[in-house]
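Descriptive analysis of the structure
Single-letter residue listing:
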Amino acid sequence: MKRLSVRLLPALLPLLLLFSCTAKPTPSLEERPLRPGPAYIQWLEEQACLRKAPELTAIVSGSSLSWRQGSRASLLPGDARVWFRLSPALTAWSGRDSFFAALGRSGVAGLLSSLGVHGLFLTGCADTGDDWAGRSPARHLGEDGANLSFGRTAGRREDYDRLLNTLSGAGLLAGGTLLPAHTGMGADFSLAVRAVRDYPGLYAMTEVPQDAWPLLPSLKDNDTAALSSEASAVLRARGALSPPLVQDTGFSASLGWAATGPVAGVDGVKRRWLYRWFETPDRPVLYWDDPSGAAQRVLNASLIQQVGLNHQALVGLSAAAWFGLDVLSRNGDGTPEENLEPGLSAVRALARNAHRYGAAVLLLDELPMDHLALMKRAGVDFAFDSVLSPALERSLLEEDAAALRRSLRRSLRLNVPHASLWRSTADGLPRSSLAPLLPLMPEGWPELFFRPGGGPDGMRVNAPTLAAMVCGLTPGARPEPKELSAIKNAHLLQLAARIFLPGLLMLSGSDLDGGLPQGKDWPGTPPLWRLDSLPSSRQGLPSGLALYRLPGNDIKDALERMLAARQACGIATGELATVPSCEKNSVFITVCSLPGGGSLAFFGNVSRHAVSFSPDFPRWTNAGSRTDALSGAAVRAKTMTLPAWGWQAVLLR
């Protein structure tokens, strides 16, 4: 065997020193802590994702299932571009049975099908870290999945199968989410910190040499705490922690390293670990690049389960925790080198396999706009729309469309594939990009988005609440009839701006019932859906006021007309062509090329005042005919008038 080059020895020396530091003498019987019992470890493994992975991957391994479709495109029907998102943690129902059972018997499937929805996208249905910690699912809204199985609140396998039959009878597809890259703390993490076989390789974690323990936060057994930047620097100097990572520079999301308290392993040795976290220290990051391939096995098992066993045609992937999870390197001019690995490799691999099994991939993460075209090339079918969000929300709060026009025009310069974006109104889920909007909110509203004793714990707001803000509603108040009409118009504008642009539309419960927060103690997340008209209990967050359950304010008819017009003109698979200027600052205009020929022009007014203007751009002036997309009536007037928060979609031929 050839000898290692002498030039490699200096590079390997720090690794050799680190491995030598981790060696420990065997403790005496008096010093040795009690080992976790074998029955407990066996029980943990029965719940663990890594233990279940071989059973699931065996379904595909050695079969023809990987060869039945190509890996470049999914089998999702081209017209399945309107979906409805539901989550147990954000749904109120009677509580007499499980979420799946309640959903199957509620008549929601028939309602959504008649509305023009094509699929039901289920999130937060897995067993979660909150479940393991004994916390309410409201803490992480069910998004901190820690298991491949359904959670107790979601329901049993039989409940889900009956729900699938209900959806099929209504002509609806099913979708769901994969295990996230930053999981909750469940059985797998418990096994990892106890040094059980290859479980430590499942996470981005490293054991801390015992002589470096004094540099760590003082913690009780099994506790965890985030490391400060000062502590991280000291540990790096000692060689107990990696150099700075790419995502440590320039990523806006909360992330970093955390330490565990002493944990007794299966061998009786107490260990302390450093692990990578994303969003919050109780969401450890899976390590895609570990040579054991543990994380890859688990994610592929999750994919096989969702597509093959759960029959889901659209799978949601959360991979932001992996982007830039690599040691930072610099360009020749000293600037940090952009590096999205191992996230980019993970997305490519999972998208290829999803397509082989027949499903489309929806990337849940909010990525910068300049990464959207790259995600498309990596095989992602639909990436989150960071073009409209939060630019549209900012424009509404400022009553000036400048922010939205800038964002749309920048997307054209970056060649963002708009037909490959998934668009949703702000719908109650935490969204880090909305936090900068706090200073723009009217007096009294920002306080609703702060948790007691701390700062904002993930900005949470839905579209009706944003509409109530811009319409001047007092926080926590019930709107009068005139205010209610204005709120509905501002809400419909948010929906229409997305409906009449290319891409996949994701609706939520708050888009149908108009949930508003009530009371000063509101935690910042209005309810997204009520399966029962008067739910006697709530499985997730406290219920607020459902605006559109009031007499005469049902939004369903308006949405039905809008979705029918969207389907008829084929805008979902069109492409944004131009963003013309307008003489009125509060008006934004988008013009999209339609797949069947012609164009669709959309006009939106983000102001509380009516505006009149004369459209002046080539596709408008050169059009042989102009017809309203909803009514089919001819549009002949040279001057267009939009009421407060009004809009109009016009077909140009």
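From a predicted model like this one, the values you see are computed outputs, not experimental measurements. (Residues numbered from 1 in each chain as written. Predicted model: local features only at pLDDT ≥ 70, side-chain atom pairs only at ≥ 80, totals over all residues. Heavy atoms only, no water.)

What follows is about the overall build of the protein. Counting secondary structure elements, the protein contains 19 helices and 29 strands. By residue count, 56% of the 653 residues in the protein fall in the buried class. Nonlocal contacts in the protein, meaning residues at least 24 apart in sequence, comprise 74% of its contacts between residues at least 6 apart. Here the protein displays about 26900 Å² of accessible surface, and carbon together with sulfur accounts for 53% of that area. (Helix = DSSP H or I, 4+ residues; strand = E, 2+ residues; numbered from the N terminus. Buried < 20%, exposed > 50% of the residue type's maximum accessible area, 1.4 Å probe, protein only. Contact = heavy atoms within 4.5 Å. Areas by Shrake-Rupley, 256 points an atom, 1.4 Å probe, with all protein chains shown as cover.)

Scanning the entire structure with this criterion turns up 19 aromatic pairs. With a centroid separation of 5.2 Å and an interplanar angle of 70 degrees, the aromatic rings of Phe384 and Trp422 are classed as edge-to-face. Taken as a pair, Phe384 in strand β16 (residues 382-384) and Trp422 in strand β17 (residues 421-423) lie far apart in primary sequence, 38 residues in all. The interplanar angle of 35 degrees and the centroid separation of 5.7 Å between the aromatic rings of Phe500 and Trp647 together place this pair among those described as tilted. You can see Phe500 sitting in the loop between α16 (481-499) and β18 (504-508) and its partner Trp647 sitting in strand β29 (residues 647-652), a full 147 residues away along the chain. Here a set of aromatic residues connected by ring pairs shows up, and it is made of Trp93, Phe99, Phe100, Phe150 and Tyr160. (Phe/Tyr/Trp six-rings, centres within 6.5 Å; stacked < 30°, edge-to-face > 60°.)

The next thing to look at is the sheet that holds strand β25 (residues 599-605). In a beta sheet, neighbouring strands are held together by backbone hydrogen bonds and run either parallel or antiparallel to one another. The strand order β23-β24-β25-β29-β27 describes an open sheet built from 5 strands, whose pairing is antiparallel. Strands with a single pairing partner mark the edges of an open sheet, and in this sheet they are β23 (575-578) and β27 (626-628). Averaged over all neighbouring strand pairs, the angle between strand axes comes to 35 degrees, with direction disregarded. (Pairing = 2+ DSSP bridges. Axes fitted to C-alpha atoms, helices over the stretch in contact; angles between N-to-C directions.)

What follows covers the nonpolar core. Of all hydrophobic cores here, the largest spans 172 residues; its most connected members are Leu122 and Trp322. Top element by residues in this core is α16. It accounts for 10 residues. Apart from the residues lying within four places of it in its own chain, the contact partners of Leu122 are Leu86, Phe99, Phe100, Leu103, Tyr160, Leu163, Gly175, Gly176 and Thr177. Within the second largest apolar cluster, 16 residues are counted, among which are Val591, Phe603, Val611 and Phe617. (Core = buried A, V, L, I, M, F, W, Y, C linked by side-chain atoms within 4.5 Å.)

Cis geometry is found at the peptide bond from Glu341 to Pro342, where omega equals 0 degrees. Turning to its location among the elements, Pro342 is positioned in the loop between β14 (314-317) and α11 (343-357). A cis geometry characterises the amide bond from Ser389 onward to Pro390, with omega recorded as 5 degrees. Among the structural elements, Pro390 can be located in the loop between β16 and α13 (391-398). Located in the positive-phi region is Glu279, a residue other than glycine, with phi close to 75 degrees. Along the chain, Glu279 falls in the loop between β12 (273-278) and β13 (280-284).

A complete count under the given rule lists 0 disulfides for this structure. Between Cys569, a cysteine without a disulfide, and Cys592, which holds the nearest cysteine sulfur, the sulfur-to-sulfur distance is 9.1 Å. According to the relative accessible area criterion, Cys569 is buried, its value standing at 11%. (Disulfide = S-S within 2.5 Å.)

Inspection of the secondary structure assignment puts Ala496 in helix α16. On a C-alpha basis, the gap between Ala496 and Leu559 in space is 8.8 Å, while along the polypeptide they are 63 residues apart.

This part is about the sheet that holds strand β15 (residues 360-363). Reading around the circumference, β1-β3-β6-β14-β15-β16-β17-β18 is the order of the 8 strands in this closed barrel, with parallel pairing throughout. Averaged over neighbouring strand pairs, the angle between their axes works out to 30 degrees when direction is ignored.

For the rest of this paragraph, the subject is the pairing of β18. Counted residue by residue, β18 has 5 buried out of 5 residues, so it is predominantly covered. Burial of β18 is two-sided: the residues Leu504, Met506 and Ser508 facing one way and the residues Leu505 and Leu507 facing the other way are all buried. Of the pairings in the sheet, the one linking strand β1 (residues 82-86) to β18 comprises 4 bridges and is parallel in character. Pairing of Arg85 across the sheet is with Ser508, part of β18. The pairing of β17 with β18 spans 2 bridges and is parallel. Note on β18: the bridge partner recorded for Arg423 is Leu505.

Throughout the structure, instances matching the rule amount to 21 salt bridges. Across the pair Asp130 and Arg135 runs a salt bridge, and its minimum N-O distance is 2.9 Å. Given a relative accessible area of 0%, Asp130 falls into the buried group. Put simply, Arg271 and Glu207 hold a salt bridge, and the shortest N to O gap is 3.8 Å. (Salt bridge = Lys/Arg side-chain N within 4 Å of Asp/Glu carboxyl O.)

Before going further, it helps to examine the confidence of the model for the protein. In this model, the protein carries an average pLDDT of 88, and 87% of its residues clear a pLDDT of 70 or more. Within the model, the stretch residues 1-33 combines pLDDT values under 50 with 14 contacts to residues more than four positions away or in other chains. Considering only residues more than four positions removed or in separate chains, one finds that residues 452-456, a stretch of pLDDT under 50, has 4 contacts. (pLDDT = per-residue confidence, 0-100.)

Here the focus is the packing of helix α3 (residues 49-57) against helix α10 (residues 294-309). The contact between α3 and α10 brings their axes to 8 Å, and the two run at 55 degrees. The angle between α3 and α10 falls in the class oblique. The chirality of how α3 crosses α10 is left-handed. In this structure, α3 contributes Cys49, Leu50, Ala53, Leu56 and Thr57 to the contact, and α10 contributes Ala294, Arg297, Val298, Ala301, Ile304, Gln305 and Leu309. In terms of residue class, the contact of α3 with α10 is made up of 9 nonpolar, 2 polar and 1 charged. (Parallel < 35°, antiparallel > 145°, perpendicular 65-115°, else oblique. Left-handed = near helix turned anticlockwise from the far one by under 90°. Nonpolar A, V, L, I, M, F, W, Y, C, P; charged D, E, K, R; others polar.)

Turning to the packing of helix α15 (residues 463-470) against α16, a few remarks are in order. Following both chains from N to C, one finds α15 and α16 inclined at 125 degrees, their axes separated by 8 Å at the closest point. It follows from the interaxial angle that α15 and α16 lie oblique. The chirality of how α15 crosses α16 is right-handed. Of the residues in α16, those in contact with Ala463, Pro464, Leu466, Ala467, Ala468 and Val470 of α15 are Ile487, Ala490, His491 and Gln494.

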